[in-house]
Amino acid sequence: LIKHVAYRTDKGLVIALIRGDRQIEEIKLLNYLGADYLQFATDEEIKSMGSVPGFIGANKDILASVKIIADREVEHMHNFVIGANKKDYHYEGANISDLRVDEYVDIRKVQSGDPCPVCGKAVEIMRGIECGHIFKLGTRYTKEFDCKYLDENGKEQIMQMGCYGLGISRMLSAIVEQHHDERGIVWPKSIAPYRAVIVIANVKDDTQSAWANDLYNECRANGLDVLLDDRKESIGVKLKDAELIGVPYIVVAGKSIQSGLYELTERSTMDRSELSLKDVLKAILK
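Values in this document were obtained by computation on a predicted structure and should not be read as measured data.

Colleague: Please provide a residue-by-residue account of the side chain of Thr265, values included.
Modeller: Along the chain, the position of Thr265 falls in strand E17 (residues 262-266). Exposure remark for Thr265: the relative accessible area of 3% places this residue in the buried category. Other than its neighbours up to four places away in sequence, Thr265 contacts Pro248, Tyr249, Ile250, Met270, Asp271 and Arg272.

And the structure:
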């Protein structure tokens, strides 16, 4: 089977041909045509080509003004099925000699297992996240606004325009996908929203609360963004939440305060140590 897909473009009407089990890579087709846009043709436009929606056949019935582009794989097919440009009818046993093709071009979408055009090995398809983009807009907008410059010969030329940017929300999603464990998020220190979360083990203990607030104030004085968890929740709940949100350092003001020490946990490794106020600050600042 050869699939026929009809498009409307700024270059005119186009029919693209591809093997029945393949998909058209529209970016390839768009680039080949040098068109600014590519949209599916309407039923009325398909009828104006000399065909019927769902039963297109790239033969002499198609108007000469309609460009017909076939994928290179089509050129090597034999005895295939195409539409007969008549409702509910197809041609069987058709061959290349029965078609009117203007150009054979690589327009198919790469599938897993296809040979790499460079090394010949099987291609593996993997999912990714577009964290940023660069678009070449050409003269699509500058022409409308009559944006011109003088070239080296002093002649006016329409400016070429482009745009680029980073998707902040997409980047956050991508980072979490790469930096997490069974406990939750593990923010890299360079982009973590807070450097540390200071947990008061027992808010009813005035000493623990005082030590936690002292550390909080010292961190703030050193320009660090930190959280102070003084909720009336159990220490277990607080630690689970701290691990879940993934702040790089978890500092607990608990029973070790009696010995003048805080409990410091580095979220990325979950390594724990007991340190004095000075040493905790030094570790977090490092």
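Picking up after the structure, the text goes on.
Colleague: Break down helix H4 (residues 206-221) for me, with residues and values.
Modeller: Over its 16 residues, H4 extends 22 Å from the first C-alpha to the last, a length consistent with the 22 Å expected when each residue adds 1.5 Å. For H4, the full list of buried residues reads Gln208, Ser209, Ala212, Leu215 and Cys219. Seen end-on, H4 carries its buried residues on one side only, within an arc spanning 130°. Seen from the open side of H4, the exposed residues pointing more than 90 degrees away from its buried face are Asp206 and Ala221. Each element contacted by the buried residues of H4 is listed here: strand E14 (196-200), strand E15 (226-229), strand E16 (249-253), E17 and helix H6 (277-285). A distance of 2.9 Å separates the backbone nitrogen of Thr207 from a side-chain oxygen at the start of H4, and that oxygen is part of Asp205. Trailing H4 by a residue or two, Gly223 shows a phi angle of about 80°, which is positive.

Colleague: Which residues make up the pattern of salt bridges, and what are the values?
Modeller: According to the stated counting rule, one finds 21 salt bridges in the structure shown. Linking Asp114 and Arg108 is a salt bridge whose minimum nitrogen-to-oxygen distance equals 2.9 Å. Neither residue differs from the other here; Asp114 and Arg108 are each classed as buried. Notably, a salt bridge pairs Glu130 with Arg170, separated by 3.7 Å at the nearest N-O pair. A residue pair is termed long-range when its members are at least 10 positions apart, and Glu130 in the loop between strand E7 (103-105) and strand E8 (132-138) and Arg170 in helix H3 (residues 168-178) qualify at 40 residues. Given the relative accessible area of 42%, Glu130 is considered partly exposed. What emerges from the salt-bridge pattern is a single network uniting Arg19, Asp21, Arg22, Glu73, Arg108 and Asp114.

Colleague: Run through the nonpolar core, naming residues and quoting values.
Modeller: Counting 19 residues, the largest nonpolar core has Ile2, Ala6, Ile15, Leu17, Phe80 and Leu99 as its most contacted members. Among the elements of the structure, strand E1 (2-9), strand E2 (12-19), strand E4 (67-71) and strand E5 (80-83) are those that each provide at least two residues to this core. Ignoring anything within four residues of it in the chain, the contact list for Ile2 reads Leu17, Ile18, Gly20, Val74, Met77, Phe80, Val81, Ile82 and Leu99. Counting 18 residues, the second-largest nonpolar core is a separate cluster that includes Ile200, Leu215, Val226 and Tyr262.

Cut-offs used in this document
- For every chain, the first residue of the written sequence is number 1, and numbering continues from 1 along that sequence.
- Totals for whole chains, interfaces and linings use all residues, but because this is a predicted model, local features are given only for residues with pLDDT of at least 70 and pairs of side-chain atoms are given and counted only at 80 or more.
- As a rule here, side-chain values cover all heavy atoms of the structure and leave hydrogens and water aside.
- A helix here means a DSSP run of H or I that spans at least four residues, while a strand means a run of E at least two residues long, and both kinds are numbered starting from the N terminus.
- We call a residue buried when its accessible area falls under 20% of the maximum for its residue type, exposed when it is over 50%, and partly exposed in between, using a 1.4 Å probe and counting protein chains only.
- By definition in these notes, contact holds between two residues if any of their heavy atoms fall within 4.5 Å.
- A helix is expected to reach a length of 1.5 Å times the quantity of its residues less one.
- Arc definition: directions from the helix axis to the C-beta atoms.
- Whenever a nitrogen or oxygen atom comes within 3.5 Å of another N or O atom, the pair is scored as a polar contact, on the condition that within protein one atom can donate a hydrogen and the other can accept it, and that pairs from neighbouring residues in sequence are kept only if both atoms are in side chains.
- For this analysis, a salt bridge means a side-chain nitrogen from Lys or Arg found within 4 Å of a carboxyl oxygen belonging to Asp or Glu.
- We call a set of buried Ala, Val, Leu, Ile, Met, Phe, Trp, Tyr and Cys residues a nonpolar core when their side-chain atoms join them within 4.5 Å.

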